[in-house]
Amino acid sequence: MREGRLLSEIAAATGGVLHGADRRIAQLSIDTRQPFPPEETLFIALGGKHHDGHRYVAEARRRGVKTFLLRKGSVQLETGESAVEVADTLKALQALAAWHRAQFAIPVVGITGSNGKTVVKEWLSQLLSPEERIVRSPGSWNSQVGVPLSVWEIGAEDTLGIFEAGISEPGEMAVLARIIAPTIGIFTNIGPAHSAHFKDDAEKANEKALLFAQAKTVIHCADQPVLCAALRNLNGVQLLGWGRHESAALRMLDERISDRETRLSLRWDGKEFELAVPFIDSASVENAMHCAALMLHLGHAPDVIAERLKMLRPVSMRLELLPGLNNSTLLNDAYSNDLASLTIALSQLARTAAGRPKAVVLSDIAESGEDPAQLHRRIAGLLHAAGVERLIGIGPGMQENAALFPEGTRFFPDAVALLQAFPEPPVQGAVTLVKGARSFGLERVVERWEERTHGTVMEVDLEAMRHNLNHYRELCGPQVRIMAMVKAGGYGSGAVELARFFAHEQVAWLGVAYADEGIELRRQGIRTPVLVMNPEPVPMETLHRYRLETEVYDLRSLKSAVDFAAHVPDPPPVHIKLDTGMHRLGFMPGEVPDMLEVLRGTKTLRVASILSHLAASEDPQHDVFTREQIALFRSLSAAVTDTLGYAPLLHIANSAGATRFPDARFDMVRLGIGLHGIGANAQETAQLQPVETLRTVIAQIKEIPAGDSISYGRKVHVTKATRIAVLPIGYADGLSRRLGESRGRLWINGKEARTVGAICMDMCMVDVTGIACAAGDDAIVFNATHPVQEYARDLGTIAYEALTSISPRVKRVFVHGS
């Protein structure tokens, strides 16, 4: 939204009361950590399950914000400030966006469905941009908050809006429908995603279909009966279906898959034509058909659609965090560029940097429709607000507006010229955001600057991690603190980056196994309190120097801590470990009286918490024993608290304990595997999101004649002509030799490919007979569709071991929802 709105208009739209002077604002912010120009920003103090934005009004004020949207009774203005006071800030934001949408008569496409919303939206933007000035949801902003913030971006110069809407429970879609008010709808599909609050797919489809209650036309796949039944409940809406059924308006007559594309024979309005989709997976074909149907509905000729579909590229929906040369970190967003996505990317840059230098490589924003000088002033303001210390501009637009950017900014006409000047990242140890429109080819910069590793990658989805963290926060309530376990390399996923993530999410504590893990976190700038759970004989002075806190679990470790506390100023607190039945570390019940005697004799040692460890909280057959542990912990910790004369924090529950035993949550819970998407039972796992993906790429395809052997030892001879794929992943990467000889499986283009022969140190071979694939295609070991639990079952072990066994030489790539 570029021309801005008066606060008096906002007050009228939201039913609020204006306090202070009327003024014009152009931007909305709900997060003080994001970059924004304070003089034209309205800070909205949203309240939620896990936070209250009113706690951050002072920080917004410190950032220079002068205008606020606040809950009734919380308005306390300083000189020169204004506020709109409302009953409910979320409902006010939604009402404001709905009012703003009503000021524009442009066609708007609303997209919903279980999967594919973001891809369809981004592809439509690519396909329709030659004729249209498009405003769309940035990234996957499809929630009760994301939708109104997206719709707020509609401006007078826009000719088409494309917004996606996602829901997780009944009653949500009616709100989003009022905000988006789509004239055209796309219902992508109905599937298992977000099913927890719906009795079946039919109820979920009916809820999603409410988005289109006032639309003129809805595009959908006519081959999905549940979806079609939901749409038939709408009154006065034209249903435009595509599919294989003869009743489909856009009928698929034939589908032919080659190694690199899918050729479709279609009939529309009585005429037959062909389209080539540059993908072979069924999901991409489905997404492309939605796009083709919309373009036909808008009047585009089949030959124009065919030409544009050839240019479709995979949609990068998430920001990748990659290790870079020169001890740097790269934040890869090299596929699109507009002000909305730039704001998101800069916010992620600030989160990721955590005290390290921030650099940005930024291309021109093409076809914005905005006055170039005004556009680049806004870009410069965002960069300044994000604290960017080094900027490299790519393209003539950035160069022509060089005066708006800081002294020392370098400008280049294209990626080639940049790489000639800087073959490596220019700032030692910096976090560098590479952000650009696809036409500038900045992915070449990322490829050159990325630290070289082989093609096997562990991808860590931090948005899924955030979802899981919020699941436990909602489960336990705001009074229960969270300790996030980042031991064992963050369960194999990368301890430092996960620690930075959890610090940003404001968990109370981080948990590590050994002191060297905690020391590395401190060296990387992590300031969140760290508990060392399994202290080796490490000098207390070392722990004190790095501000690490440790368990004491026997008289020796307790007396050592007491002695150290008596001889240093401001000694670190300790955490008393009780053994309630795990029989690992900890004071046994019979040892507690001696421990209490030592505590009575010290004046300087401070105890931060008392803890124990549940042995079988996930297993119902041991529930009696678990309850006995909890009762014993309560009794022993009460004796310690009485002796101390103050109440340290109490914690015994792990992820499963937090879910299955509410009375075990006490003051804090220690979350580990649950944060990675594995719940206490199948019901909870369905509510969580898998975090890790382990994938590699096909190095070579080979045709093996019948009778030949494969791999070391010649244990496997194929009985018929067999097509195999050679993959650069072996037991040195963590793919166990136990998975050889058809016992293991990977997934290639959605098809199961069994191992053939023995797993080698650096490679393995899989049978791809009958699978359309080529060198360079991905091969999945585990992901959200084929979760790590399945992989662990194939190994005959548990998910903990499967994750922590992945070798350090496998590159960890952290992705953020955009």
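Our subject is the structure listed above.
Visitor: Describe the overall build of the protein, and please don't skip the residues or the numbers.
Guide: Helix and strand counts for the protein come out as 27 helices and 41 strands. At 29 Å, the protein has a C-alpha radius of gyration in line with the 28 Å of a compact globule built from 818 residues. Principal axes of the C-alpha set define a box for the protein whose edges measure 90 × 85 × 60 Å. Considering only contacts within the protein whose residues lie at least 6 apart along the sequence, 66% involve residues at least 24 apart. Within the structure as shown, the protein displays about 33,500 Å² of accessible surface, and the carbon and sulfur contribution to it stands at 51%. If the 86 positive side-chain charges of the protein are averaged to one point and the 95 negative ones to another, these points end up 1 Å apart.

Visitor: Outline the state of the cysteines, supporting the account with residue identities and numerical values.
Guide: The final tally for this structure, using the stated rule, is 0 disulfides. As a non-bridged cysteine, C764 has C760 as the owner of its nearest cysteine sulfur, 7.9 Å distant. In this structure C773 is a free cysteine whose sulfur lies 13 Å from that of C764, the closest cysteine sulfur available. Taking the relative accessible area as the measure of exposure, C773 reaches 0% and is therefore buried.

Visitor: Explain helix α12 (residues 372-385) residue by residue, including any values.
Guide: If you check α12, its first and last C-alpha atoms are 20 Å apart, about what 14 residues at 1.5 Å a residue would give, namely 20 Å. What α12 keeps buried is the set L375, H376, R378, I379, A380, L382 and L383. With its phi angle positive at about 70°, G387 sits one or two positions after the end of α12.

Visitor: Explain the nonpolar core to me, using residue names and the numbers behind them.
Guide: Judged by nonpolar contacts, the single largest core of 131 residues is most densely connected at L346, F502, L510, M595 and L599. In this structure, W123, L240, L250 and L264 belong to the second largest nonpolar core, which totals 38 residues.

Visitor: Lay out the packing of aromatic side chains with the relevant residues and their values.
Guide: Note on aromatic pairs: each is described by the distance of the centres and the angle between the planes. By the definition in use, this model includes 9 aromatic pairs. Between the aromatic rings of F412 and F422, the centroid separation amounts to 6.2 Å while the plane-to-plane angle is 85°, which identifies the pairing as edge-to-face. A residue pair is termed long-range when its members are at least 10 positions apart, and F412 in strand β21 (residues 410-412) and F422 in the loop between α14 (415-421) and β22 (431-435) qualify at 10 residues. As far as the burial class goes, F412 and F422 line up, both buried. Look at F501 and F502: their rings are 5.3 Å apart centre to centre, the planes differ by 65°, and that puts the pair in the edge-to-face class.

Visitor: For the sheet that holds strand β8 (residues 108-112), give the residues involved together with the corresponding values.
Guide: Read from one edge to the other, the open sheet built from 9 strands follows the order β9-β10-β8-β11-β12-β13-β14-β15-β16, with strand pairing classed as mixed. Two strands lie at the open edges of the sheet, namely β9 (134-136) and β16 (271-277), each paired on one side alone. On average, each strand axis in the sheet is inclined to that of its neighbour by 20°, with strand direction left out of account. Bridge count between β8 and strand β10 (residues 160-164): 4 bridges; the pairing is parallel. In the sheet register, G110 faces β10, and the bridge partner there is F163. Against the sheet, helix α4 (residues 117-128) contacts β8, β9, β10 and β11 (184-187), and its axis sits at roughly 165° relative to β10.

Visitor: So, the packing of helix α22 (residues 592-600) against helix α23 (residues 623-644): which residues are in play, and what are the values?
Guide: Between α22 and α23, the shortest axis-to-axis distance is 9 Å and the interhelical angle comes to 20°. Regarding the angle of α22 to α23, the classification is roughly parallel. Considering how the two elements wind past one another, α22 and α23 form a crossing that is right-handed. Every residue of α23 that contacts α22 at V592, M595, L596, L599 and R600 is listed here: L636, A639, V640, T643 and L644. Its residues assigned to classes, the contact of α22 with α23 comprises 8 nonpolar, 1 polar and 1 charged.

Visitor: Please set out the environment of W152 residue by residue, giving values where relevant.
Guide: Here W152 lies in the loop between α5 (146-151) and β10. Since its relative accessible area comes to 1%, W152 is described here as buried. In sequence terms W152 and I482 are 330 residues apart; their C-alpha atoms lie 35 Å from each other.

Here is what the cut-offs are and how they apply
- Residues numbered from 1 in each chain as written.
- Predicted model: local features only at pLDDT ≥ 70, side-chain atom pairs only at ≥ 80, totals over all residues.
- Heavy atoms only, no water.
- Helix = DSSP H or I, 4+ residues; strand = E, 2+ residues; numbered from the N terminus.
- Rg over C-alpha atoms; globule rule 2.2 N^0.38 Å.
- Contact = heavy atoms within 4.5 Å.
- Areas by Shrake-Rupley, 256 points an atom, 1.4 Å probe, with all protein chains shown as cover.
- Lys, Arg positive; Asp, Glu negative; His and termini not counted.
- Charge placed at Lys NZ, Arg CZ, Asp CG, Glu CD.
- Disulfide = S-S within 2.5 Å.
- Buried < 20%, exposed > 50% of the residue type's maximum accessible area, 1.4 Å probe, protein only.
- Expected span 1.5 Å × (residues − 1).
- Core = buried A, V, L, I, M, F, W, Y, C linked by side-chain atoms within 4.5 Å.
- Phe/Tyr/Trp six-rings, centres within 6.5 Å; stacked < 30°, edge-to-face > 60°.
- Pairing = 2+ DSSP bridges.
- Axes fitted to C-alpha atoms, helices over the stretch in contact; angles between N-to-C directions.
- Parallel < 35°, antiparallel > 145°, perpendicular 65-115°, else oblique.
- Left-handed = near helix turned anticlockwise from the far one by under 90°.
- Nonpolar A, V, L, I, M, F, W, Y, C, P; charged D, E, K, R; others polar.

These values are about where atoms sit, not about what they do.
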